[in-house]
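# Structure assessment
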Amino acid sequence: MSWKSVLLLCLSILEFASGLNDGVGLKPHMGWSSWNVAQCNAASAKYALDTADKFISLGLKDLGYEYINIDDCWSTKSRDSSGKLVPDPQKWTSGIKAVVDHIHAKGLKFGLYGCAGDKTCAGYPGSEGREKSDVAQLVSWGVDLWKYDNCYTPCQQSPRPQTCQNPVGNTKQFYAPMRDAIIAASTQRKIHFNLCNWGRDNVWTWGATYGHSWRMSIDNWGDWPSIERIGSSAADISNYSSPGGFNDLDMLYLGSPKINANQEKLHFALWAITKSPLVLGLDLNTISNHTLAIIRNKGLIDINQDSLGKAATIFRPAGAAAPVRGKIYPYWAGQLSDGVVIGLAAGTAGGSYKVDFKDVPGLKGQTVYEWKEMYTGQGGTGTGVSFEIGLYDMRVVKVLTTVGQGTSF
Ligand code: GAL
């Protein structure tokens, strides 16, 4: 081994050893974010408090939805004279801490948004060079999650553009000072660090040593092409998710007028089985009964929150066509602590979908299993499953491998 490879090995061991590994984010986080609801206008105390009430009245808290995350535009456009971030007094009439205390008193958590550059994407103060002081503010307010964006970061272009196409170095470098500040403050408060570098620099390969979850793509724009683009690429990187560090497929855009009822079902189910954080990007005051039923599907939530934290990926049953890049492949499977989840996604064509359990990774031991489907409630015992699935709809089958060991549906 050359001295160069020894050095690289030492550096990567050091980087791994300095990972967050602090007991936070052992399961994909669940909650709500203000961004898709009304962008800047929703970054207010009113939205945070209303959403907390809705989490309780709609039964979402009991299902595991926990984080109320306020995204871009919560502060004033400039820092105060001592360099501190200032919550916009119009949006936070009693400041942030009072809201966080209220949310904590309800048994929920509070998340906030910042940026690794000198400005946030919407032009509010970024944290570059101010990481320690900003984290001290988060700690003093009791913040539980910090989403950290990638706008206005060091760029070969001058002045820095909002979205740099030729950054100065690897994005990692922009995230390291904040990661270190969060680790240093963790004796006072543990903060979930959500990296939002839009999947640049293969963030999934290093995300777990920098944060607890990381956006693996550019935004979900709430249309079918976004769901196809993000959902299909999740298959390739499933191995990088595990307890303490998960691929974040971006907020759930359920209820978006650009997707239909079936696409909403596929969206939620695919995000759930690939172990994405389940962060609702919708207004809970105007949610439809259809969308509400989807986000309250306990079977899918339990699969997402399974303690193994293994993300499902695609598999190719005998005779099935090969995957097509950028399209949602029909056959997905992933290990659960007490079984295997199979996803059947009609993302390219409606029709009849059939799977023999013997073809499913993780189900090689026997031929007959007990199973249950999460959207229809159908179940049975047999050697496989078969469904008629409408275009863009999805079925998620849980197969129990531990029958007789104290588990059953
Ligand atoms: C984007 C980010 C979005 C949202 C937005 C706020 O960069 O991907 O999720 O946070 O900035 O300006």
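The structure displayed is predicted, hence computed values, not measured ones.

### Some thoughts on the packing of helix α6 (residues 131-141) against helix α7 (residues 171-184)
When two helices pack together, their arrangement is given by the angle between their axes and by how far apart the axes lie. Across the interface, α6 lies against α7 with an axial gap of 9 Å and an inter-helix angle of 45 degrees. On the basis of the axis angle, α6 is oblique to α7. Considering how the two elements wind past one another, α6 and α7 form a crossing that is right-handed. Of the residues in α7, those in contact with Glu131, Lys132 and Val135 of α6 are Pro177, Met178, Ala181 and Ile182. Looking at the contact of α6 with α7 residue by residue, the class counts come to five nonpolar, no polar and two charged.

### Describing the domain arrangement of the protein chain
Think of interface size as the accessible area that goes away when the parts come together; that is how it is often given. The domain boundaries assigned to the protein chain delineate domain 1 (18-304) and domain 2 (313-400). Each side of the interface is counted separately: domain 1 has 24 residues, and domain 2 has 23 residues. Here domain 1 packs against domain 2, burying approximately 2000 Å² in sum over the two surfaces, 67% of which is carbon and sulfur. Between the two partners, domain 1 and domain 2, sit three salt bridges. Note that Lys327 is salt-bridged to Glu228, the shortest N-O span being 3.3 Å. Our enumeration of links across domain 1 and domain 2 arrives at six residue pairs in polar contact (both at pLDDT 80 or more). Listed by contribution, the elements that provide at least two residues to the side of domain 1 that touches domain 2 are α9 (224-234), α10 (261-273) and α12 (298-304). The element contributing the most residues to the side of domain 1 that touches domain 2 is α10, with eight residues. By residue class, the composition of the side of domain 1 that touches domain 2 is 11 nonpolar, nine polar and four charged.

### Thoughts on the site of the ligand
Residues in close proximity to the ligand include Trp35, Asp71, Asp72, Tyr113, Cys121, Lys147, Asp149, Cys196, Trp198, Arg215, Asp219 and Met251, which together make up its full environment. Contacts to the ligand include Trp198, whose side-chain N or O atom sits 3.0 Å from an oxygen atom. Taking Arg215, its side chain carries an N or O atom lying 3.2 Å from an oxygen atom of the ligand. Here the shell around the ligand is built from residues that sort into six nonpolar, no polar and six charged.

### A few points about the state of the cysteines
As enumerated under the stated definition, the model contains three disulfides in all. The disulfide partner of Cys40 is Cys73, and the S-S distance across this bridge is 1.9 Å. Taken together, the residues Cys40 in the loop between α2 (35-38) and α3 (45-57) and Cys73 in the loop between β2 (67-69) and α5 (95-105) connect sequence positions 33 residues apart. Overall, the relative accessible area of 1% leaves Cys73 in the buried class. In this model, Cys121 is linked to Cys151 through a disulfide, with the two sulfur atoms separated by 2.1 Å.

Quick notes on the rules
In this convention, every chain numbers its residues from 1, walking through the sequence in written order. Reporting of local features is limited, given that this is a predicted model, to residues whose pLDDT is at least 70; pairs of side-chain atoms are given and counted only at 80 or more, and all residues count toward the totals for whole chains, interfaces and linings. Hydrogens and water molecules were not included; the side-chain quantities draw on all heavy atoms of the structure. Orientation is described by lines fitted to C-alpha atoms, with helices fitted over the stretch in contact, and by angles between N-to-C directions that extend from 0 to 180 degrees. The helix and strand labels rest on DSSP assignments: H or I over at least four residues marks a helix, E over at least two residues marks a strand, and numbering proceeds from the N terminus. Roughly parallel means an angle under 35 degrees; roughly antiparallel, over 145; roughly perpendicular, 65 to 115; everything else is oblique. Helix crossings are classified by the rotation of the near helix relative to the far one: an anticlockwise turn of less than a right angle makes the crossing left-handed, while a clockwise turn makes it right-handed. By the convention used here, residues are in contact when the closest approach between their heavy atoms is within 4.5 Å. Classes in brief: Ala, Val, Leu, Ile, Met, Phe, Trp, Tyr, Cys and Pro nonpolar; Asp, Glu, Lys and Arg charged; the others, Gly included, polar. For the domains described, the bounds stem from an automatic or database domain assignment. Buried area: the sum, over both parts, of the accessible surface (1.4 Å probe) that disappears when the two are put together. The rule for a salt bridge is simple: a side-chain nitrogen of Lys or Arg has to be within 4 Å of a carboxyl oxygen of Asp or Glu. Here a polar contact means two N or O atoms within 3.5 Å. Within protein one must be a hydrogen donor candidate and the other an acceptor candidate, and residues neighboring in sequence count only if both atoms are side-chain atoms. Only a single heavy atom is needed: when it lies within 4 Å of a molecule or strand, its residue is near that molecule or strand. Note that a disulfide, as used here, is simply two cysteine sulfur atoms within 2.5 Å. Accessible area is worked out with a 1.4 Å probe on protein chains only. A residue is then buried under 20% of its type maximum, exposed over 50%, and partly exposed in between.

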